[in-house]
Amino acid sequence: MSYLEKEDKEVFDLIELEHKRQNEHIELIASENFVSKAVLEAQGSILTNKYAEGYPSKRYYGGCEFIDKIEDLARERLKKLFNVKYVNVQAHSGSSANMAAIRSLINHGDKILGMSLDAGGHLTHGYKLSFSGQDYESFTYGVNIETGLIDYDEVRRIALEVKPNLIICGASAYPREIDFKKFKEIADECGAYLMADIAHIAGLVATNLHNSPIGYADVITSTTHKTLRGPRGGIIMTNDEELAKKIDKTLFPGCQGGPLEHIIAAKAVSFKEDLEPSYKEYMVNVVKNAKALADEFIKLGYKVISGGTDNHMILLDVKSTKGVTGKEVEDLLQKVNITVNKNSIPGDKEKPMFTSGIRLGTPAMTTKGYSEEDFRLVANIINKAINNRNDEKVLSSLKEEVIALNKKHPTF
Ligand code: DSN
């Protein structure tokens, strides 16, 4: 019997149920992944007991000699992974990384230009309900409604009109490659800083499957739990020494107190894994699988936003193809053990709680060993579920098919 089971049966049982869910569902949320046992072990370690406010060799607490070595390992590995000079691994999340990065670059009340939420941007890129839209004057660019692509001429036009102090590029729901060089040219032309939030595509950037913002963006932020397959957390990177010092001070004590050293240890473990040749192979498969998924949906007659994908995700317009909202499809697929999220599509007329689209990502199931053939089968299961959405018998047999497919690829 485990300690947890003995001490707190309620929490233990709920974790067991979630474990079963993760084993029996097909996880297609593009921002999720399954970490290794080594990452889990570091994250669940006794390092959680230690306070370590400050940075390696400059702490406000005694007893940090081993913590310092761990945080240094995480920093050195991250620098190597992205070929960057200065990093901060203490951000508790992508949002706190973005808060510290933005605060390091511009002043309260300055202007931000970021991708709008409904075009695929993130809350922290200037959304009105986030600090980024409240502490700064925020403006947005979107994508071309017909092509689903960022129109760089349009971004340039808006930037020259708005004259932002900071341009943010990067997205949560954009299936195509982002041209960081073009963003840099636009930022230079209007005298703005450039921040790249690569939370989704970090794994592709680290393995050269996507062009890198290093050398173009003043600051680069990311989460560590998506394609990087590490623990839940954030990171900040730059090549500018002065800016790096400012970022460190802005994150601690500006935005956060004590760092989560158990998470930092798990970040170090995941960065080591990401430096292995097998991680590159994994990322190549993530992209291949996303292309196969897009291709199969196109064959099945779906409108795939932008006509395909360059990365780990696809956006499907289910409203125009099948007459159902993203929310209806999200709820329906729960019944057959497939997890997706509803997502706005370019020019969406549905409210964000309903949407016309769904977002599907391949990182998690590629970690489980799913091949292109498996993903083509998944597309067909989703299509069958949508076509037979009122037939409980068909839905229940699809659920059995999903469970059987997952048995071939268990998580832990
Ligand atoms: N919420 C994340 C996502 O799902 O893309 C972004 O932080």
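This section reports on the structure supplied with the text. Note that the structure is a prediction, hence the values are computed from the model and not measured.

1. A few points about the sheet that holds strand β10 (residues 234-238)
Backbone-to-backbone hydrogen bonds pair the strands of a sheet. The strands run either parallel or antiparallel. Here seven strands make up an open sheet; going across it, the order is β4-β10-β9-β8-β7-β5-β6 and the pairing mixed. Of all the strands in the sheet, the pair left with one neighbour each is β4 (86-88) and β6 (137-141). Between one strand axis and the next, the sheet turns through 20° on average, direction left out of account. Bridge count between strand β5 (residues 111-115) and β6: five bridges; the pairing is parallel.

2. A closer look at the site of the ligand
Contacts to the ligand come from Ser31, His122, Ser172, His200, Lys226 and Arg359. A distance of 2.7 Å is found between an oxygen atom of the ligand and a side-chain nitrogen or oxygen belonging to Ser31. Contacts to the ligand include Arg359, whose side-chain N or O atom sits 2.8 Å from an oxygen atom. Out of a free accessible area of 240 Å², the ligand has 63% covered by protein chains. For the shell around the ligand, the residue count by class is no nonpolar, four polar and two charged.

3. Section: the pattern of salt bridges
Within this structure, the stated rule accounts for 25 salt bridges. One salt bridge connects Asp295 with Lys299, and the closest N-O pair in it is separated by 3.2 Å. Here the residue Asp295 and the residue Lys299 both occupy positions in helix α12 (residues 277-299), the gap between them amounting to four residues, near one helical turn. Take Asp295: its relative accessible area is 29%, and that puts it in the partly exposed class. A residue is classified by how much of its surface remains accessible, and Lys299, at 61% relative accessible area, is exposed. Ionic pairing is found between Asp331 and Lys327, a salt bridge with its closest N-O pair at 2.7 Å. Of the two residues, Asp331 and Lys327 are both situated in helix α14 (residues 326-335); the distance of four residues between them amounts to about one turn of the helix. Judged by relative accessible area, Lys327 falls into the partly exposed class, the value being 27%. Beyond isolated ion pairs, a larger network of salt bridges with shared partners links Arg59, Asp68, Glu71 and Glu261.

Procedures and definitions
- Residues numbered from 1 in each chain as written.
- Predicted model: local features only at pLDDT ≥ 70, side-chain atom pairs only at ≥ 80, totals over all residues.
- Heavy atoms only, no water.
- Pairing = 2+ DSSP bridges.
- Helix = DSSP H or I, 4+ residues; strand = E, 2+ residues; numbered from the N terminus.
- Axes fitted to C-alpha atoms, helices over the stretch in contact; angles between N-to-C directions.
- Near = heavy atom within 4 Å.
- Polar contact = N/O pair within 3.5 Å; in protein donor to acceptor, adjacent residues only side chain to side chain.
- Areas by Shrake-Rupley, 256 points an atom, 1.4 Å probe, with all protein chains shown as cover.
- Nonpolar A, V, L, I, M, F, W, Y, C, P; charged D, E, K, R; others polar.
- Salt bridge = Lys/Arg side-chain N within 4 Å of Asp/Glu carboxyl O.
- Buried < 20%, exposed > 50% of the residue type's maximum accessible area, 1.4 Å probe, protein only.

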